[in-house]
Amino acid sequence: MSVFDLPRLHFAGVATTRLPTGPRSGLVDLATHRVLTEEGPFPAERPADEYHAFLDARGPHFDEQGRPDPHGAFSAAKGCDFEGNGHFSLDAQVLSVETAPGAGGGRTEEDPLVGSSVDVWGHYNPYLRTTVNRARIFDLDPASRWTTALMAGRFGLGRRGRSHDGAYAFTGGVKGVHPPRWVHLDHIEEVGDHLLAPDLRYSAVHQFAMEAAELDWLPGAAGSPAAEALRGAVLHGADGVVVQFALDNRATPRSPNAPARWRVRGTVAPWYSEELRTCPAGRLLVPVAGSPLRHMTVRVARQEVGLNMVSAVRFASRQQRCADGALHRLGPPLGAGDLELRTVATDRLVARVPQAAYLEGAEATSGLVTVDAEPGWCVAEEEGLRLVGAASCGERRTLLTERETTIESDQALVVLQHRSPESDHAVRVPLRSFVRGRPAPVGAVRVRQYHNPRALPGDPVAGGPAARVGDAEPLGLCHDGAAYASQCTVRTDERGNGAVTLRGERAGTCRVLLTAEPHTEPSVDPHAPGSAWTAYDDGDALGFWAGAGALAVRVLPDDRHLDEVPRGEVDFALVQREVFAYYEYTSSFMRAEVFSLADRCKVETYAALIAQMCDPVNASKTYYMPPSRDLSEAKTRLLVAYLRNLQARDRPPVTLPARAATESAITTRGELWHTLKQAATLELAVMLQYLYAAYSLPTYGAGLTHVRRGTWTPRQLELVCGQGGTTLDDGVRGSLLGVAREEMIHFLLVNNIIMAMGEPFHLPVIDFATLNTELPVPLDLALEPLSIGSLQRYIALEQPAASVPVLHGASAPTGTPERRRFTWSTISELYAGIREGLSRVPDLFLVERGRGGGEHHLFLRETIDTENPDYQLEVDDLPSALFAIDVITEQGEGGAAVTAPLRRAGGRTPARRRLRGRSPTSTPSHGSANCWPRSACPARTDDGSCGTPPTRCCATRRCTPAKATAHR
């Protein structure tokens, strides 16, 4: 059962978050999506700098010690990370593994995976085709401490250093949002007199699961018994892999707008579909008043009992200061002596838990404690459980009791569009009921909502100090098609499955309580003044919500009035006022890291990309914008209308009549440098050819004009221009631009190799009048519009050498003898020679390890993202240089033979598949970019057999272009 099952891989380290803190100021009205001042809403026409100055002046200010200081660098109104970009990452390593049963007896630190990295990444972005996509952190409700969620797109475990040096053992695709579970606001009792003390005491547990079909087992798993055991578990019963981890002990911020650092501890284990993806499995124990321990789950079996105490043990204090980049040293843990797990009705002993087991031994197992079962285990299935230990006075008493019936949902964080006459935008949320940890039906699940008054500062009633429960009801709730109401009752089937339907009635946020047991609601009189604040209990005074089954829901504002604006009148001023201004006011990360949304020139340049990133179809992806995920669909439609209006300004281009248009090797550093500069020149020249061809085709807006004039059909428009930037289909024009971008990445990769050799970045001067005398390509490079002739040029230029027998071996332009020692006539030969030269010439690289290349990671294939999500085109040694060459050739540059690092990444990007030169008989293979089918092999004999020796070529019934060339 989840983390209770073997094998288990435990990890620990540091998590880094960049949560935007501007929306947490208390001056954001979520009902209207407007920022406030003491006088009311801030005018959306005013510059963002004015509002930022207001926040700075408002304060209060404090210094790095958290003490009030009118000249302090921190402003409480802006928060400690006003420039937060929403990124989340791990710097964690495997601590130990457990592969054998027994109370701690199976744990080992000898497995090859111990010490390797554990990573989370974002989803692959098909619009930018980028690796190094970051996982996300965001507040569903920035007015609450309980809704800080994580979102990952890919998980990886096992790399040592860079993944192209030491491969991952496996990576896996991750879906959905990972809500916080077991939120504790007192995990560390004493953190000093700091203005941010509630944040420094915070802890939460997050969990996600990856289905078996989403897992990619890679060579890094070889030789690891733990990895093989985990893979075996997935192949023989488990439905996937689960990752659970706790965040706590946030480091005190030392300067504004710096990333937050947290302690992280977690476990990787088999996952089963009868469990939830995002909620810890097992029997839930909740603390009683005065207990030093917090929430945990347990599993009782015949021989052993497991306790998931990943965040159950609190700490008395922590060291006040810590070194840069380090975490605070935690003070003594708050134990409760030796513990006993007993049944409630008959008081039978189920297990004994020595204090050393959960205070010391659990450090290496991320809070997972396994002990021997006592005879009482046999009746535990039919009775509730309680955990007995020492209270603060030293007496033995019950510290935690089991909540025997629990109702949870993996979709515990929900964003709803406001209902409208055309659509109610209702969302069906699946629920799961458990009885003593196992899926089971329950008679009735009561569903009730509690709005968050702090999210409505602009409403004097629902957000005022006297707000009552029910003063605001953001949701309509129903079950099985019944009428919507403020609360409802749901039933679950024999497998514990049920559902509740939510409809957005009023903008705002709320908790939705799911309970099947009597007297399990907040002990608050709903009619008393201020009961809304007491019931929502943001400060956890009641100690109720951390163990309650609940949903957190946000209803977005009713923006239907924006749909009434004539689409032709949607201009930049309107979009800036209605969409961009709010994000400019509440955060400065866009202007600090990308560009200001108030910059009309930049917005118009990237309008199509903005519309794509904000498309609701991408809301389940980490690259969706805005990262706070609170853009209504009406505002998205406004963005699309703006994009269409920009496209409508384009006109078809004016057309004019067209004008008529040996064995060697690199052995020295100088030859290699010269050849690399030739490669950089070629890549830039080819990129310019593709750009020229792309811009010879009309834009989508100009194509619409052709359709209106009757010179094009809609089908021709879609073929050439796609669907106008609202989808991934950009037509032939978009494909040409995509290939041009790849060429630029190749240009950067080549230059990264050059700079790693200690030479300067090479930016050649491209003159197509003289270029063909400088490069030994037996083909005229030229700028010309897209045509059959230019397409044939691209095919001939980029096919493997054996695919173009007419060109292969043609006489090359003359050159000086010293520059002709290594000769090439195809791109395939060029990169094969560079690869061989890199391996042959000694002592090439002068750059320090880790300082080669930059943060360039756009326009790469998804297959690279699967195995190397950390790749950033860096070059600082021979393996990374060879990997760079393999990236170039695998993306289609001539199909040179490729070795190990990318041998599993065969295939081309969609743009390459659509446009690159591949003969109908040419197919990718594992080990070379292209292979000939046996029947088409240029080296075949008269009887039709392949003329090559019985090597991989014949064994796979394919002949590699390199071998075919050798036979010629």
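Details of the structure are given in the entry above.
All of these numbers come straight from a predicted model, not from anything done at the bench.

1. A closer look at the pairing of strand E1 (residues 8-17)
Within E1, nine of the 10 residues are buried, leaving the element largely enclosed by the surrounding structure. Pairing of E1 with strand E7 (residues 87-98) involves 10 bridges; the strand directions are antiparallel. Counterpart to Phe 11 in the pairing with E7 is Val 94. Bridge count for E1 against strand E19 (residues 260-271) is nine bridges, and the pairing is antiparallel. Across the sheet, the residue bridging to Thr 17 is Ala 260, located in E19.

2. Things to note about the packing of helix H12 (residues 700-709) against helix H13 (residues 714-721)
Axis separation between H12 and H13 bottoms out at 9 Å; the angle between their running directions is 165 degrees. Viewed along their axes, H12 and H13 adopt a mutual orientation that is roughly antiparallel. Between H12 and H13 lies a crossing whose hand is right-handed. Contacts between H12 and H13 involve Tyr 700, Gly 703, Leu 704 and Val 707 on the former and, on the latter, Pro 714, Leu 717 and Cys 721. Residue classes in the contact of H12 with H13 are distributed as six nonpolar, one polar and no charged.

3. A closer look at the environment of Thr 501
Assignment of secondary structure puts Thr 501 in strand E36 (residues 497-504). By relative accessible area, which is 16% here, Thr 501 ends up buried. Separated by 73 residues in the primary sequence, Thr 501 and Arg 428 place their C-alpha atoms 4.3 Å from one another. The residues contacting Thr 501, other than those within four sequence positions of it, are Ala 426, Val 427, Arg 428, Gly 476, Leu 477, Cys 478 and Tyr 484.

4. Regarding a nonpolar patch on the surface
Taken together, the side chains of Met 755, Phe 761 and Leu 763 define a hydrophobic patch exposed on the protein surface, amounting to about 290 Å² of accessible area. The residue Met 755 is located in helix H14 (residues 731-756) in this model.

5. As for helix H19 (residues 878-890)
Spanning 13 residues, H19 covers 18 Å between terminal C-alpha atoms, matching the ideal 18 Å at 1.5 Å per step. With 11 of 13 residues buried, H19 is to be regarded as a mostly interior element. Where H19 is buried, its residues touch helix H11 (669-695), H14, helix H17 (827-840) and helix H18 (862-867).

6. Some details on the packing of aromatic side chains
Applying the stated rule across the entire model yields 20 aromatic pairs. Both rings, one in Phe 155 and one in Phe 170, keep their centres 6.1 Å apart while their planes meet at 45 degrees; by these two values the pair is tilted. On the criterion of sequence distance, the pair formed by Phe 155 in strand E12 (residues 154-157) and Phe 170 in strand E13 (residues 170-173) is long-range, its members being 15 residues apart. Residue classification places Phe 155 among the buried residues on the basis of a relative accessible area of 1%. Classification of Phe 170 as buried rests on a relative accessible area of 1%. One cation-aromatic arrangement involves Arg 511 over Tyr 536; the distance from NZ or CZ to the ring centre is 4.3 Å.

7. Some remarks on the packing of helix H6 (residues 572-586) against helix H10 (residues 633-648)
Each pair of packed helices gets described by two things: the angle between the helix axes and the distance between those axes. As a packed pair, H6 and H10 sit with axes 10 Å apart at the nearest point and diverge in direction by 155 degrees. The orientation of H6 relative to H10 falls into the category roughly antiparallel. Regarding H6 and H10, the two cross each other, and that crossing is left-handed. Seen from H6, the contacting residues are Phe 572, Leu 574, Val 575, Glu 578, Val 579 and Phe 580; seen from H10, they are Lys 635, Leu 638, Leu 639 and Tyr 642. In terms of residue class, the contact of H6 with H10 is built from eight nonpolar, no polar and two charged.

8. Regarding the pattern of salt bridges
Scanning the model with the defined rule gives 51 salt bridges in all. Between Arg 554 and Asp 630 there is a salt bridge, and its shortest N-O distance comes to 3.5 Å. Taken together, the positions of Arg 554 in strand E38 (residues 549-555) and Asp 630 in the loop between helix H9 (607-613) and H10 put the pair 76 residues apart, joining distant regions of the chain. For the salt bridge of Lys 635 with Asp 559, the shortest nitrogen-to-oxygen distance reads 4.0 Å. Note that Lys 635 is positioned in helix H10 and Asp 559 in the loop between E38 and H6, a separation of 76 residues in sequence. Neither residue differs from the other here; Lys 635 and Asp 559 are each classed as buried. When salt bridges with common partners are traced through the structure, they connect Arg 162, Asp 165, Arg 849, Asp 876 and Asp 877 into a single cluster.

9. Concerning the sheet that holds strand E26 (residues 368-372)
Within a beta sheet, neighbouring strands are joined by backbone hydrogen bonds and run either parallel or antiparallel to one another. The sheet built from eight strands is open, its strands ordered E25-E24-E27-E28-E20-E21-E22-E26 with antiparallel pairing. In this open sheet, the two edge strands, each paired with only one partner strand, are strand E25 (349-353) and E26. Along the sheet, successive strands turn relative to each other by an average axial angle of 30 degrees, direction set aside. With five bridges joining them, strand E27 (residues 385-390) and strand E28 (residues 396-402) adopt antiparallel strand pairing. Directly across from Gly 389, in E28, lies its bridge partner Arg 397.

10. Brief notes about the sheet that holds strand E30 (residues 413-416)
Spatially, the five strands line up as an open sheet ordered E30-E38-E37-E33-E35, and their pairing is mixed. In this open sheet, the two edge strands, each paired with only one partner strand, are E30 and strand E35 (487-490). In this sheet, adjacent strand axes meet at a mean angle of 25 degrees when their direction is disregarded. Taken together, the four bridges between strand E33 (residues 445-451) and E35 define a ladder with antiparallel strand orientation. Looking at the pairing, Arg 448 lines up with Gln 487 of E35.

11. Some thoughts on the environment of Thr 252
Tracing the backbone through its elements, the reader meets Thr 252 in the loop between strand E18 (240-248) and E19. Distance in space between the C-alpha atoms of Thr 252 and His 194 is 8.9 Å, their sequence separation being 58 residues. Setting aside chain neighbours within four positions, we find Thr 252 in contact with Glu 64, His 194, Leu 200, Arg 318 and His 328. At 3.0 Å, the side chain of Thr 252 and the side chain of Arg 318 are in polar contact.

12. Here's the deal with the nonpolar core
The nonpolar side chains of a soluble globular protein tend to be buried with one another. Leu 682, Ile 753, Tyr 831, Ile 834, Leu 838 and Tyr 871 are the most contacted members of the largest nonpolar core, which totals 65 residues. Breaking this core down by element, the ones donating at least two residues are H11, H13, H14, helix H16 (788-798), H17 and H19. No other element matches H14, which puts 13 residues into this core. What Leu 838 contacts, discounting residues up to four positions off in sequence, is Leu 672, Ile 753, Leu 844, Phe 845, Leu 878, Ala 881, Leu 882 and Ile 885. Ranked by size, the runner-up nonpolar core spans 54 residues in total, among them Leu 9, Val 183, Leu 247 and Ala 550.

Cut-offs and rules
Throughout this document, residue positions are counted from 1 along each chain, in the order its sequence is written. Side-chain atom pairs in this predicted model are given and counted only at pLDDT of 80 or more, local residue features only at pLDDT of at least 70, and totals for whole chains, interfaces and linings cover all residues. Neither water nor hydrogens contribute to the side-chain values; these are computed over all heavy atoms in the structure. Think of it in three bands: with a 1.4 Å probe and only protein chains considered, a residue is buried below 20% of the maximum accessible area for its type, exposed above 50%, and partly exposed in between. Here a strand is any run of E in DSSP of at least two residues, a helix any run of H or I of at least four, and the numbering for each starts at the N terminus. Two strands qualify as a pair provided DSSP detects at least 2 bridges between them. In this description, a line fitted to the C-alpha atoms serves as the axis of each element, helices being fitted only across the stretch in contact, and the angle between N-to-C directions of two axes falls anywhere from 0 to 180 degrees. Orientation categories follow fixed angle ranges, with anything under 35 degrees roughly parallel, anything over 145 roughly antiparallel, 65 to 115 roughly perpendicular, and all other angles oblique. The crossing is said to be left-handed when, going from far helix to near helix, the turn is anticlockwise and less than a right angle, and right-handed when the turn is clockwise. Note on contacts: a residue pair qualifies if any of its non-hydrogen atoms lie within 4.5 Å across the two residues. Put simply, Ala, Val, Leu, Ile, Met, Phe, Trp, Tyr, Cys and Pro go in the nonpolar bin, Asp, Glu, Lys and Arg in the charged bin, and everything else, Gly too, in the polar bin. Only residues whose relative accessible area exceeds 30% and that form no salt bridge are eligible for patches; like-charged ones are grouped when within 9 Å, while nonpolar side chains (Val, Leu, Ile, Met, Phe, Trp, Tyr) are grouped when within 5 Å. What sets the accessible areas is the Shrake-Rupley method with a 1.4 Å probe; for residues, cover comes only from the shown protein chains. By salt bridge we mean one thing: a side-chain nitrogen of Lys or Arg within 4 Å of a carboxyl oxygen of Asp or Glu. Under the convention used throughout, the expected extent of a helix is 1.5 Å for every residue step, that is, one less than its residue count. Here is the rule: rings of Phe, Tyr and Trp (six-membered ring for Trp) pair when centre to centre is within 6.5 Å. Planes less than 30 degrees apart are stacked, more than 60 are edge-to-face, and the remainder are tilted. Either the NZ atom of lysine or the CZ atom of arginine qualifies as a charge over a ring when it sits within 6 Å of the ring centre and within 35 degrees of the ring normal. Polar contact criterion, stated in full: a pair of N or O atoms within 3.5 Å, where within protein one must be able to donate a hydrogen and the other to accept it, and residues adjacent in sequence count only if both atoms are side-chain atoms. The criterion is simple. A nonpolar core is a set of buried Ala, Val, Leu, Ile, Met, Phe, Trp, Tyr and Cys residues joined through side-chain atoms within 4.5 Å.

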